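Inside the fold
The residues making up each chain are set out below.
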Amino acid sequence: MNGPAYASTLELMSGVILVCAVVTLWRRSLSAVVKALAIQGFALGAVALILGIRQHDAVLIVVACLVMASKGVVIPTLLGRVVASDPSSREATPIVNVPASLVGAAALTFLAYGATQPVVALIPTTAGRLVPLGFATLLIGFFSMVVRRKAISQIVGLLLVDNGIALVAFLATAGVPLLVELGASLDVLLAVVVLRVLAAQMWSKFGVLDLDQLRELRD
Amino acid sequence: MTGFQNVVAAGLVAGAQIVTVSVGGLLLVGVMRKVRSHLEGRVGPPIHQPLLDVRKLFTKQRMHPEQASWVFGAGPVVLVATAVVVAAISPLATTRPPLGRSADFFAIVFVLLLGSVSLALGALDTGTPFGGMGSSRAMTIGALAEPALLVAILAMSIPAHTSNLPVLVRMGLAHPEMIASPARILALGSFVVIILAESGRLPIDNPSTHLELTMIHEAMLLEYAGPDLGLVTLGESMRLTLLLGLLVNLLVPWGVADRPGAVSIVIGLGALAGKVALAGIAIATFEVFTAKLRLFRVPELLAGGFVLAVLGAVTALVVR
Amino acid sequence: MLALVVLAVPFGAGVASAVAPWRRWVGWLCTASIGAVLVCGVGLAVRVVHGPPVTAFGGVLRVDALSAFMVIVIGAIGVLATWQSVRYLDAELVAGRCSQRHASLYSMLVQGFVTAMLLAVVAGNVGVMWVAVEATTIITTFLVGHRRTRGSLEASWKYIAICSVGIAMAFLGTVLVYLAALHVGHHEHANLDWTSLMAVSHHLDPGVMRLAIALLVLGYGTKVGLAPMHSWLPDAHSQAPAPISALMSGVLLTVAFYALLRFKAIADGALGVALPRALLVAVGLLSLVVAASLLLSQRDYKRMLAYHSVEHMGLIALGAAAGTRLAIAAVLLHILGHGLAKGVLFLTSGEILLAEGTTEIAQVKALLARRPALGGVFAFGLVALLGLPPFSLFVSELNMVRAETQVGLGWAAAISLVCMAVIFGAVMSHGRHMLFGAGPDGEQVHKTPAIVTAPLIGALIGCAILGVLAWPLAGLLRAAAQVVAT
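Bear in mind the structure is a predicted one, so any value in this text is a computation, not a measurement.

In this section: the domain arrangement of chain C. All names here are of chain C. The domain architecture assigned to chain C consists of domain 1 (1–124), domain 2 (126–272) and domain 3 (282–486). For domain 1 and domain 2, the distance between their C-alpha centres works out to 21 Å. Residue-level contacts link 24 residues of domain 1 with 26 residues of domain 2. Where the side of domain 1 that touches domain 2 is concerned, the elements lending two or more residues are α3 (65–95) and α4 (100–122). Across the side of domain 1 that touches domain 2, the residue classes break down as 18 nonpolar, 6 polar and no charged.

Structure below.
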């Protein structure tokens with residue numbers, strides 16, 4: 001892949017990942033949020049694929065296909081089923097309102113760029129310059145977990161954190177050794193399955209997927 | 001070419017762009033209405049209906065409310081004047097428009113803003129409640145959209161190291177991969193949201209509503225009649241065409257004339273017309289499937305546009 | 001070879017309990033398997049104290065003195081917990097709160113949990129260690145929610161949400177360490193083996209390592225239960241069944257701390273002691289203060305024990321911050337002593353819950369009069385946990401304070417002593433309420449079966465022996481401290 005095309009496609013895909021993260025804070029409808037997550041999964045796989053093609057690394061290409069399958073298809077489908085079962089799937093009253101949380105997301109992006117200066121300085125390539133985008137996605141996911149009330153939104157926030165870390169791992173180190181990558185992906189998948197099971201139990205016990213209802217244990 | 005010939009050529013180019021934008025703008029509005037009607041299962045008015053409407057309006061009697069001052073009459077005039085100026089100096093048909101060195105993106109935005117502010121003042125001047133309501137709503141939306149627009153322009157200017165609009169279009173023609181950069185894409189995404197806000201299209205404002213309480217833009221025009229209304233209609237359609245023209249020339253600059261010559265300028269105008277028509281059809285189709293947002297939800301949409309622009313600017317600043 | 005056996009035996013018992021319908025003998029089989037783990041742990045310890053570390057699978061598994069010590073800890077408390085699990089599951093089945101299938105699920109998950117913890121401590125590759133710790137999070141979520149009440153559902157949700165974020169941050173920290181290792185001079189074949197990372201630790205980029213160690217302290221610190229990431233701990237440990245609380249509070253927290261110790265050693269090489277020490281002191285002191293302030297007003301005895309865990313984790317964080325050989329040896333002894341004492345207390349509280357039917361302190365009265373054996377064990381357990389002689393926690397806390405003063409953290413040690421005094425008072429007053437007083441007239445004295453109290457008393461005696469003379473473990477502690485001390 002020649003230079004400028006490689007650089008601009010990589011930048012584009014990383015940009016898509018960050019925009020999808022912002023969209024999860026922007027939209028109130030949970031099904032739209034899950035779709036944004038699916039697009040983000042595909043973009044993440046595309047980043048790994050581009051890096052694998054560039055470095056002629058067959059292992060990385062296999063990992064890219066796995067990532068696309070699990071984060072682009074399997075996990076959004078699992079979440080989509082939970083969203084479909086709950087008719088009130090809208091984040092009607094987040095703790096921080098939408099415009100303020102969007103401005104917060106912009107501030108977190110600045111923070112990410114500031115905090116990752118040493119990493120960017122260590123890797124002078126195109127891929128290295130895009131590492132702050134992964135950190136920004138991570139921070140936005142963390143923020144989303146804190147300010148959203150619905151259980152599904154917390155799962156979405158967790159997946160954003162994980163996608164951001166995966167992006168950083170791919171860009172900075174062209175993926176960690178295969179064993180660890182497989183273990184990490186499997187763990188994320190299992191975590192989502194567990195959360196989905198818990199959400200189903202919560203639905204049957206509490207009748208609603210609102211985390212505000214979970215207030216019985218406190219000091 | 002001598003200086004005099006240069007001036008004549010520049011004047012011709014400016015005139016051509018102005019005429020295209022004004023006539024084409026009205027035709028664009030007609031096309032959009034036609035597309036909407038077809039998608040809604042109606043036949044709809046003919047495409048040149050807005051032209052006929054404006055011509056009819058200019059033949060009618062001028063009427064002013066009793067308590068209005070000169071501001072009321074000046075509103076439409078300033079609106080059209082600013083649109084004409086921007087049409088003359090923007091790189092719509094050619095990358096070397098007349099007075100191109102003054103065509104700074106920030107300056108163009110401010111001139112267009114001058115037009116919309118004057119219209120709002122004119123509506124406020126009528127002293128009627130609907131005029132005031134429309135003005136305040138329009139200005140609220142403007143106050144949210146303008147910062148986003150400025151940051152989006154910043155995001156587009158940083159990689160090119162200039163905010164001069166013809167230079168931006170020329171660089172887009174010369175280096176196509178610059179258009180696919182995330183900074184440019186994010187900024188243009190934000191630009192689309194802002195165009196919808198500034199020109200009063202769905203989901204922010206319904207241009208064909210007849211219920212006063214849901215009006216934002218139409219409420220400002222309730223008191224205008226005759227030639228004033230004709231001027232306003234013309235000015236509004238020119239603004240929409242200008243904004244769309246700038247968007248398409250920044251996104252897909254092919255077809256814009258790079259060399260001087262009558263043929264290439266005609267091709268440029270044709271390409272502009274085609275691209276803007278496509279953009280208008282896309283907006284009209286989108287409008288059929290969208291519902292109008294409640295007024296207090298509009299800030300959310302515009303905040304999203306603002307954040308997209310900020311992300312574009314940050315990406316442009318760091319990823320070089 | 002032994003390392004493989006350590007992992008294979010509990011895994012095999014887990015498969016057996018998944019396949020066979022739950023009977024008592026399945027439960028005893030599981031207990032026996034953990035007993036085998038303990039024996040293997042002792043065997044490994046004997047080998048590695050005086051010899052080189054044991055490796056398997058080409059370095060993926062590596063048992064040095066520190067790992068062997070942790071295997072012993074897991075084995076000891078695992079035996080206690082699985083012993084009590086048999087009785088717990090019996091009681092649940094009799095009361096109809098649990099079906100046969102749930103019981104075998106529980107047994108299988110406990111075995112999986114112990115296998116994952118063992119994998120975390122014998123892994124020579126920090127990536128595999130991370131995968132194992134994440135696996136424990138997922139398995140324990142199901143175990144915490146085993147009783148399927150509203151409270152346990154809320155607790156398990158909070159637990160997995162918060163711990164998953166923490167584990168993700170730890171993963172990012174691991175990736176950054178790997179990145180720094182990749183860019184060291186001309187070493188192109190960097191990998192995630194702890195030994196090779198230690199070898200290049202002096203050449204790792206300081207800027208990246210600063211970010212990495214901060215993320216690792218926050219990430220693994222979430223699993224350890226250090227403040228401010230501790231909010232899952234009281235809920236999870238109080239809602240889980242008693243044997244699970246014992247395993248989580250006694251062992252899982254310290255397994256996560258073991259991971260932190262390994263990374264601290266790498267960071268000390270790259271950054272010097274200052275920054276890792278400052279980070280650990282900050283979270284340690286914060287945990288102590290939070291635990292002290294919240295223990296005063298506790299109304300639930302299981303939550304009280306959980307907050308007590310936060311305090312002890314703060315103490316060992318402070319000890320590890322000091323970082324000298326004495327400090328690390330004291331920390332490791334504290335890990336074992338705390339595990340035994342906390343395990344005994346949680347298991348006893350499980351019995352109390354079974355007997356009294358409530359976890360409120362106000363509702364439980366005069367235990368010593370009404371259930372002398374249970375009350376006695378609980379009383380001695382509290383004495384052990386509060387760090388009174390002759391139990392080993394007294395020795396380890398004393399030595400930690402000594403080590404901290406030696407490196408200039410005397411002010412931190414002073415603050416920790418003040419917090420410990422506050423906690424002492426709080427726990428004593430709660431304990432006094434529960435234990436003393438005269439029982440209602442006419443109620444007979446209940447006898448708790450010996451099979452329940454025997455292992456608990458045995459564990460307390462072991463703790464006391466360790467407190468008086470550390471001779472069985474002295475060599476191992478010294479060798480283990482040598483691995484990660486500065």
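Attention now moves to the interface of chain A and chain B. It is common to give the size of an interface as the accessible area lost on bringing the parts into contact. Residue-level contacts link 22 residues of chain A with 17 residues of chain B. Elements with a minimum of two residues in the side of chain A that touches chain B: α1 (3–26) and α4 (98–115) of chain A. In terms of residue count, α1(A) provides more of the side of chain A that touches chain B than any other element does, 10 residues in total. Within the side of chain A that touches chain B, the residues separate by chemical class into 16 nonpolar, 4 polar and 2 charged.

Attention now moves to the environment of C:Gly124. All names here are of chain C. Note on placement: Gly-124 falls in the loop between α4 and α5 (126–144). A residue is classified by how many C-beta atoms lie within 10 Å of it, and Gly-124, with 24 of them, is buried. When the C-alpha positions of Gly-124 and Leu-295 are compared, they lie 38 Å apart, and in sequence the two are 171 residues distant. Setting aside residues no more than four positions away along its own chain, Gly-124 makes contact with Thr-55, Gly-59, Val-60, Leu-61, Arg-62, Asp-193, Trp-194 and Thr-195.

On to the packing of helix α13 (residues 325–356) of chain C against helix α18 (residues 450–468) of chain C, then. Residue and element names in this part refer to chain C. Contact geometry for α13 and α18: axes closest at 10 Å, N-to-C directions at 155°. Here α13 lies roughly antiparallel to α18, going by the angle between them. By crossing handedness, the relation of α13 to α18 is classed as left-handed. Residue-level inspection shows Leu-336, Gly-337, Leu-340, Ala-341, Gly-343, Val-344, Leu-347, Thr-348 and Glu-351 of α13 in contact with α18, the latter providing Val-452, Leu-456, Ala-459, Leu-460, Gly-462, Cys-463 and Leu-466. Within the contact of α13 with α18, the residues separate by chemical class into 11 nonpolar, 4 polar and 1 charged.

To continue, consider the environment of B:Arg62. Residue and element names in this part refer to chain B. With respect to the element layout, Arg-62 can be found in the loop between α2 (49–58) and α3 (70–89). The exposed category is assigned to Arg-62, around which 11 C-beta atoms lie within 10 Å. Taking C-alpha positions, Arg-62 is 32 Å from Arg-36, a pair spaced 26 residues apart along the chain. In this structure Arg-62 touches Gly-226, Pro-227 and Asp-228, once residues within four positions along its chain are discounted.

Turning to the interface of chain A and chain C, a few remarks are in order. Listed by partner, the interface residues are 35 residues for chain A and 35 residues for chain C. Counting only elements with at least two residues in the side of chain A that touches chain C, the list comes to α5 (117–122), α7 (131–147), α8 (151–173) and α9 (178–206) of chain A. Top element by residues in the side of chain A that touches chain C is α9(A). It accounts for 13 residues. Classifying every residue of the side of chain A that touches chain C by side-chain character gives 26 nonpolar, 4 polar and 5 charged.

Averaged over all residues, the pLDDT of chain B is 87; the fraction at 70 or higher stands at 99%. When mean pLDDT is taken per element in chain B, α2(B) scores highest with 93 and helix α6 (residues 165–174) of chain B scores lowest with 85.

This part is about the environment of A:Gly72. Residues and elements named next belong to chain A. Relative to the helices and strands, Gly-72 is located in helix α3 (residues 58–85). On a C-alpha basis, the gap between Gly-72 and Leu-139 in space is 21 Å, while along the polypeptide they are 67 residues apart. Look past the residues within four positions of Gly-72 in its chain and what remains in contact with it is Ala-38, Gly-41, Phe-42 and Gly-45.

Cut-offs and rules
- Residues numbered from 1 in each chain as written.
- Chains lettered and ligands numbered in written order.
- Predicted model: local features only at pLDDT ≥ 70, side-chain atom pairs only at ≥ 80, totals over all residues.
- Domains from an automatic or database assignment.
- Contact = placed C-beta atoms within 7 Å.
- Helix = DSSP H or I, 4+ residues; strand = E, 2+ residues; numbered from the N terminus.
- Nonpolar A, V, L, I, M, F, W, Y, C, P; charged D, E, K, R; others polar.
- Buried ≥ 20, exposed ≤ 12 C-beta atoms within 10 Å, placed from the backbone.
- Axes fitted to C-alpha atoms, helices over the stretch in contact; angles between N-to-C directions.
- Parallel < 35°, antiparallel > 145°, perpendicular 65-115°, else oblique.
- Left-handed = near helix turned anticlockwise from the far one by under 90°.
- pLDDT = per-residue confidence, 0-100.

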